[in-house]
Amino acid sequence: MRILTGIQPSGQIHLGNYFGAIRNILDMQEKGHEVFIFIADFHALTTVRDPEALRQGTLNAALDFLACGIDPERTVFWRQSAVPEVQELAWLLSIITPMGLLERCHSYKDKLAHGKEATHGLFAYPVLMAADILLYQSDLVPVGKDQKQHLEVTRDLAIKFNNAYGEILKVPDAYIPESVAIVPGTDGQKMSKSYGNIIPLFDTPKKVKTAIMGIVTDSTPMEEPKDPETCNVYKIYKLLATPEQADEMAAKLRAGGYGYGDAKKALLAAYHEKFDACAAKREELAANPAKVEEILARGAERARAFATPTLEAVRKAVGLK
Ligand code: ADP
Ligand code: TRP
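Every value quoted in this text rests on a predicted model; they were computed, and no experiment measured them. (Residues numbered from 1 in each chain as written. Chains lettered and ligands numbered in written order. Predicted model: local features only at pLDDT ≥ 70, side-chain atom pairs only at ≥ 80, totals over all residues. Heavy atoms only, no water.)

Caption draft 1: The site of ligand 1, seen in detail. Around ligand 1 lies a shell of 13 residues, among which His14, Val183, Met191, Ser192 and Lys193 are the nearest. With respect to ligand 1, the backbone of Gly16 contributes an N or O atom lying 3.2 Å from a nitrogen atom. In this structure, an oxygen atom belonging to ligand 1 sits 2.8 Å away from a side-chain N or O atom of Ser192. Contact with the protein chains removes 73% of the 540 Å² of surface that ligand 1 exposes when unbound. (Near = heavy atom within 4 Å. Polar contact = N/O pair within 3.5 Å; in protein donor to acceptor, adjacent residues only side chain to side chain. Areas by Shrake-Rupley, 256 points an atom, 1.4 Å probe, with all protein chains shown as cover.)

Structure below.
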């Protein structure tokens, strides 16, 4: 089973990204699937106009994913733009892409509603995404709900292409795990960069502590029993701790005499236990950017070996030499 996903380099990653997306990819890697992950720098260009920010964002995304446990020996991990064949496939798909299909895309309409300029790149974004997926003959694409429609576009284009030119492209399935819980932020809403309520994965211990100590709780006094199910600290702790540790905290909250401050301290300790090794690994990699470049270059080379035969078949099918 070939599983492929693209990640947009976009700012500081947080516990929501880890438990909502990264952990899932790590699981697939552990299960021995063929995992393909790339940093979608071509896509990022539709919204990032500062070259240095794009370069730095791409490197940071590589550091984040490698530090979290993406193993470049098992998983093919590269920078999207290092395999420019994807652009050619995007063009060859665009010739069969109905305008209406793209005009219906919510993500395009949302971006315009948020004041983004209506560029061709933004409009054609789903075609490039389809090319990303189809170039590598992917079976399964794990994405968040917001990307579901783009997967439908991808499937439509693969079917349309195959109908026109023969069975060449594999029609992929989206994988949208329903079981993935929404991780609450420090204010109890969904954790998201745009809400300013994140607990970062990689930041100074001081910032992490400030975020965790700032989690909003109700005003039940220390002595009184508390309901773990409505406690934001417990909800996050449950993700980080072992089931036994989580049960223990739930029992202490229910019993009373255990304050939210105590729960936050336990959460902080569990956070460090889980992520300190990743943070150390990130630091080590950050000190050696040449090594990161080498990993990405090797990944691109492996990715390209899969891309070339697909593109050749597509070129031949449409009548190019
Ligand atoms: P943000 O909302 O911070 O901008 P992104 O939209 O970049 O995060 O999310 C990247 C990935 O992380 C997506 O797959 C998304 O589903 C997942 N994710 C982000 N926040 C959460 C959350 N609070 N709970 C679960 N998954 C999340
Ligand atoms: N559009 C995706 C996002 O914003 C990133 C992406 C680009 C992607 N190409 C992809 C995801 C191919 C899955 C497959 O999250």
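Caption draft 2: Broad picture of the domain arrangement of the chain. The domains assigned to the chain are domain 1 (2-181 + 289-318) and domain 2 (203-283). Of note, the centres of domain 1 and domain 2, computed from C-alpha atoms alone, are 35 Å apart. Taken together, the contacts link eleven residues of domain 1 with ten residues of domain 2. Note on domain 1 versus domain 2: buried area summed over both sides is about 930 Å², and carbon and sulfur give 64% of it. Contact with domain 2 buries surface across domain 1, with Leu15, Phe19 and Ala67 losing the most and accounting together for 50% of the total. Counting across the interface, domain 1 meets domain 2 through one salt bridge. Inspection of the domain 1/domain 2 interface yields four residue pairs in polar contact (both at pLDDT 80 or more). Elements supplying a minimum of two residues to the side of domain 1 that touches domain 2: helix H1 (15-30) and helix H3 (51-68). Across the side of domain 1 that touches domain 2, the residue classes tally to seven nonpolar, two polar and two charged. (Domains from an automatic or database assignment. Contact = heavy atoms within 4.5 Å. Buried area = accessible area lost by both parts, 1.4 Å probe. Salt bridge = Lys/Arg side-chain N within 4 Å of Asp/Glu carboxyl O. Helix = DSSP H or I, 4+ residues; strand = E, 2+ residues; numbered from the N terminus. Nonpolar A, V, L, I, M, F, W, Y, C, P; charged D, E, K, R; others polar.)

Caption draft 3: Focus on a nonpolar patch on the surface. On the surface, Trp91, Ile95 and Tyr165 cluster together to form a nonpolar patch covering roughly 340 Å² of accessible area. Within the secondary structure, Ile95 is located in the loop between helix H4 (85-94) and helix H5 (99-103). For Ile95, a relative accessible area of 45% corresponds to the partly exposed category. (Patch = residues over 30% accessible without salt bridge, like charges linked within 9 Å, V, L, I, M, F, W, Y side chains within 5 Å. Buried < 20%, exposed > 50% of the residue type's maximum accessible area, 1.4 Å probe, protein only.)

Caption draft 4: Main features of the site of ligand 2. Near ligand 2 lie 14 residues; those nearest to it are Gly6, His43, Tyr125, Asp132 and Gln147. Here a nitrogen atom of ligand 2 sits 2.7 Å away from a polar atom, N or O, in the side chain of Tyr125. Relative to its free-state accessible area of 370 Å², ligand 2 is covered by the protein chains to the extent of 89%. Secondary-structure elements contributing two or more residues to the shell around ligand 2 are strand S1 (2-7) and helix H7 (120-135). The element best represented in the shell around ligand 2 is H7, accounting for four residues.

Caption draft 5: Representation of the environment of Leu66 within the structure. If you trace the backbone, Leu66 turns up in helix H3. In the structure, Leu66 is positioned 114 residues away from Val180 in sequence and 22 Å away in space, judged by C-alpha atoms. Those residues in contact with Leu66 that lie beyond four places of it in its chain are Pro72, Phe77, Lys281, Leu285, Val292 and Ile295.

Caption draft 6: Representation of the side chain of Asn232 within the structure. Inspection of the secondary structure puts Asn232 in helix H10 (residues 232-240). Residue classification places Asn232 among the buried residues on the basis of a relative accessible area of 10%. At 3.1 Å, the side chain of Asn232 and the backbone oxygen of Val216 are in polar contact. If near-sequence neighbours (up to four positions away) are discounted, Asn232 is found in contact with Pro184, Asp187, Gly188, Ile215 and Val216.

Caption draft 7: Up close: H4. All buried positions along H4 are accounted for by Glu85, Val86, Leu89, Ala90, Leu92 and Leu93. Taken down its axis, H4 places every buried residue within 165° of arc, on the same side. Considering only its buried residues, H4 is in contact with helix H2 (41-44), H7, helix H8 (148-165) and helix H13 (289-318). (Arc of directions from axis to C-beta.)

Caption draft 8: How the structure looks around the packing of H1 against helix H12 (residues 260-286). Taken N-terminus to C-terminus, the directions of H1 and H12 make an angle of 65°; their axes are 13 Å apart at the nearest point. When the axes of H1 and H12 are compared, the crossing they make is left-handed. Of H12, the residues touching H1 (which contributes Leu15, Tyr18 and Phe19) are Tyr271, Lys274 and Phe275. A per-class count over the contact of H1 with H12 returns five nonpolar, no polar and one charged. (Axes fitted to C-alpha atoms, helices over the stretch in contact; angles between N-to-C directions. Left-handed = near helix turned anticlockwise from the far one by under 90°.)

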